[in-house]
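Residues per chain are reported as follows:
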Amino acid sequence: MCHFETTCSKGIDRGFRLQVEAMYCTKCKVLKDIHIGNFPKYEFGKNQFEPVDRICKKCETGEYLTQWNTMDCPSCGHFRMKHRRSDILWD
Ligand SMILES: [Zn+2]
Ligand SMILES: [Zn+2]
């Protein structure tokens, strides 16, 4: 068992204007909240979700991003890794 832990959100998290999803980059070996889309404006009765390209900021490509099951360590696969409280700052 390794000591991999994360502060990112579990699965999809949504702020007022953007949506992120916790994804693991198999190249950089980091678990991060990846920006997956925007809500540019709110119109009554409409959910205007605009997907954006998912990019790992470290290697600047989305090629190595994989979805995370929100429980197991993405690095070695050990079950129920430590999870710190998320402190994302939304705009
Ligand atoms: Zn691990
Ligand atoms: Zn990366």
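Each remark here, short or long, concerns the structure printed above.
Residues numbered from 1 in each chain as written. Chains lettered and ligands numbered in written order. Predicted model: local features only at pLDDT ≥ 70, side-chain atom pairs only at ≥ 80, totals over all residues. Heavy atoms only, no water.

**A look at the pattern of salt bridges**
Where charged atoms from two side chains of opposite charge approach closely, those side chains can pair.
(1) Moving on: Summed over the entire model, instances satisfying the criterion amount to 1 salt bridge.
(2) Moving on: In this structure, the salt-bridge partner of arginine 54 is glutamate 21, at a minimum N-O distance of 3.5 Å. Linking arginine 54 in the loop between strand 5 (50-51) and strand 6 (65-67) with glutamate 21 in strand 3 (residues 18-25), this pair joins segments that are 33 residues apart in sequence.
(3) Moving on: Accessibility expressed as a relative area gives 34% for arginine 54, which makes it partly exposed. (Salt bridge = Lys/Arg side-chain N within 4 Å of Asp/Glu carboxyl O. Helix = DSSP H or I, 4+ residues; strand = E, 2+ residues; numbered from the N terminus. Buried < 20%, exposed > 50% of the residue type's maximum accessible area, 1.4 Å probe, protein only.)

**With respect to the nonpolar core**
One recurring pattern in soluble globular proteins: nonpolar side chains tend to sit buried together.
(1) Moving on: Of all hydrophobic cores here, the largest spans 8 residues; its members are Phe4, Cys8, Ala22, Tyr24, Leu31, Trp68, Cys73 and Met81.
(2) Moving on: Setting aside chain neighbours within four positions, we find tyrosine 24 in contact with Phe4, Lys29, Val30, Leu31, Tyr64, Leu65, Thr66, Pro74 and Ser75.
(3) Moving on: Cys25, Cys28, Ile34 and Cys59 belong to the second-largest nonpolar core, a separate cluster that totals 7 residues. (Core = buried A, V, L, I, M, F, W, Y, C linked by side-chain atoms within 4.5 Å. Contact = heavy atoms within 4.5 Å.)

**Quick look at unusual backbone geometry**
(1) Moving on: With phi around 60°, lysine 29 is a residue other than glycine that occupies positive phi space.
(2) Moving on: On the secondary structure map, lysine 29 appears in the loop between strand 3 and strand 4 (30-38).
(3) Moving on: Although it is not a glycine, glutamate 60 sits at a positive phi angle of roughly 55°.
(4) Moving on: The topology assignment puts glutamate 60 in the loop between strand 5 and strand 6.

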